[in-house]
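# Secondary and tertiary structure notes
Take a look at the letters that make up each chain.
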Amino acid sequence: MANQRVGMCFLDRPDPRRQVALSTRMEELGYESVWVCETRTARDAISVMGAISYATSRIKIGSGVVNSWTRPASLMSLTFATLDELAPDRMLLGIGAYWDPLAWKQGIDRRRPVKQMREYIEVTRRLLALETVTFEGELVAVRDLRLDLGHGVARTPKRVPIYVGATGPQMLALSGELADGVMLNGFTSLTYLDDALRHIERGACRSGRGVEDLDLPQTIVVSMDEDEEKALDVATRMTTMYLGQQPHIARASGVDQDLLDRVREAMGGWPPREGGIAAAMPLVAADVVRSLTAAGTPEQCLEQVAAYSIRPNIYPALLPITENYEEIIEVFAPPRHPGS
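What you see is a predicted model; the values in this text were computed from it and never measured.

## Some details on the layout of surface pockets
There is about 840 Å³ of room inside the largest pocket. What lines the largest pocket is a set of 42 residues, and nearest its centre among them are Trp99, Asn185, Gln246, His248 and Ile249. Put simply, the parts of the chain that give the lining of the largest pocket at least two residues each are β4 (66-67), α5 (113-128), α6 (169-178), β10 (216-224), α8 (228-245) and α9 (247-252). Top element by residues in the lining of the largest pocket is α9. It accounts for four residues.

What follows is the structure, given as structure tokens:
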């Protein structure tokens, strides 16, 4: 494995106790980071991050990502200040702009997401810096607010880098302008990555930076098995689900709108009807699956993941969808140096 930095993401699997155990093994192997996702209404990310924080001592721990709508900036700042007490200087705040219809189902009027993210980042960063903040934005507001912190906690600014899970051109540019890093989406192609870097660069220039000044963990979906066909079948199922659930990500990678429409129709909408994902899977060709995931044998997966590291500040954040987590962790472990 050529990458000196490697991370891993946990989506809605495995169970939290196993995530903690896997994180301790990753720390032993020299992994850079572990990212806990908060997807659909499957599992809260913060609870799992707290457990990992307590069980480890070196590995960085990120939310990969939590959304900026269900937790106001005041609560998000307080949450990560608390996590920083458990794991000082190891927390990474990954936030995203959420998606419909899930936001709508929770009563959230998700409007002007780029504007909301701009305001949210400013308020969150200032609160983590322990400023007393008054901010009257269009979508985010706090008044004469500061973090008190716990009894006896030193009032020193919390060093929590902010990463944006961005997909569209405007959000990518905003991330380049304001964020410390971008959590590059999974189920995206190499063609998409080239385009995303251009948008990040455009935003970075607005703040006198370059794309090389940002940290860019790249989420890569990994379906690995010695049986290539088995790995591809698992990847096809998950890809089909995402084409129906979050088509905006697929469109950004150039997946044809007609295919997305046919997949959604075969699935019966979202959530899918019973048997809907299986019914839609034959519509999704292997070349589409391989363009959006790393699927196949260990050797094939290593090669496909390495293709994303086109810049020194891009490193893989692996998202396993096969259940051989321990094997994947060992296969992708960063090189060990003498004396390490």
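## Observations regarding the pairing of strand β1 (residues 7-10)
The side-chain alternation of β1 yields two buried faces, one formed by Gly7 and Cys9 and the other by Met8 and Phe10. With helix α1 (residues 16-29) bridging β1 and its parallel neighbour strand β2 (residues 33-36), the resulting β-α-β unit is right-handed. Relative to strand β12 (residues 314-320), β1 runs parallel, the two being bridged by two bridges. Paired with Gly7 across the strands is Ala317, a residue of β12.

## Observations regarding the nonpolar core
Among the nonpolar cores identified, the biggest contains 74 residues, and Tyr31, Phe80, Ile95, Leu216, Val222, Leu318 and Phe332 are the most heavily contacted of them. With residues near it in sequence (within four places) discarded, Ile95 still touches Val65, Val66, Met76, Met117, Tyr120, Ile121, Ile162, Tyr163, Val164 and Gly165. In terms of nonpolar packing, the next biggest core, distinct from the first, is built from 36 residues, Tyr163, Ala266, Ala280 and Ile321 among them.

## Observations regarding empty space enclosed by the protein
Applying the stated rule across the entire model yields one cavity of 30 Å³ or more. There is about 40 Å³ of room inside the largest cavity. As for the largest cavity, its lining consists of Phe187, Thr239, Tyr242, Leu243, Gln246, Ile249, Ala250 and Leu292. Broken down by secondary-structure element, the contributors of at least two residues to the lining of the largest cavity are α8 and α9.

## Digging into the packing of α6 against helix α7 (residues 190-206)
Closest axis-to-axis distance for the α6/α7 pair is 6 Å, and the angle between their directions is 50°. As judged from the angle between their axes, α6 and α7 are oblique. The chirality of how α6 crosses α7 is right-handed. In this structure, α6 contributes Pro169, Leu172, Ala173, Leu174, Gly176 and Glu177 to the contact, and α7 contributes Tyr192, Ala196, His199, Ile200, Arg202, Gly203, Ala204 and Arg206.

## A closer look at α6
Given 3.6 residues per turn, any residue in an α-helix points the same way as the ones three and four places further on. The element α6 is extensively covered by neighbouring structure, given that seven of its 10 residues are classed as buried. Of the surrounding elements, those touching the buried residues of α6 are α5, β8 (162-165), β9 (181-182) and α7.

Conventions and cut-offs
Residues numbered from 1 in each chain as written. Predicted model: local features only at pLDDT ≥ 70, side-chain atom pairs only at ≥ 80, totals over all residues. Heavy atoms only, no water. 1 Å grid on protein atoms, 1.4 Å probe; cavity = no way out; pocket = protein on both sides within 12 Å on 5 of 7 lines; lining within 4 Å. Points joined across faces, edges and corners; volume = space filled by probe spheres on them. Helix = DSSP H or I, 4+ residues; strand = E, 2+ residues; numbered from the N terminus. Buried < 20%, exposed > 50% of the residue type's maximum accessible area, 1.4 Å probe, protein only. Right-handed = clockwise from strand over helix to strand, strands pointing away. Pairing = 2+ DSSP bridges. Core = buried A, V, L, I, M, F, W, Y, C linked by side-chain atoms within 4.5 Å. Contact = heavy atoms within 4.5 Å. Axes fitted to C-alpha atoms, helices over the stretch in contact; angles between N-to-C directions. Parallel < 35°, antiparallel > 145°, perpendicular 65-115°, else oblique. Left-handed = near helix turned anticlockwise from the far one by under 90°.

That's the geometry; what it means functionally is another story.
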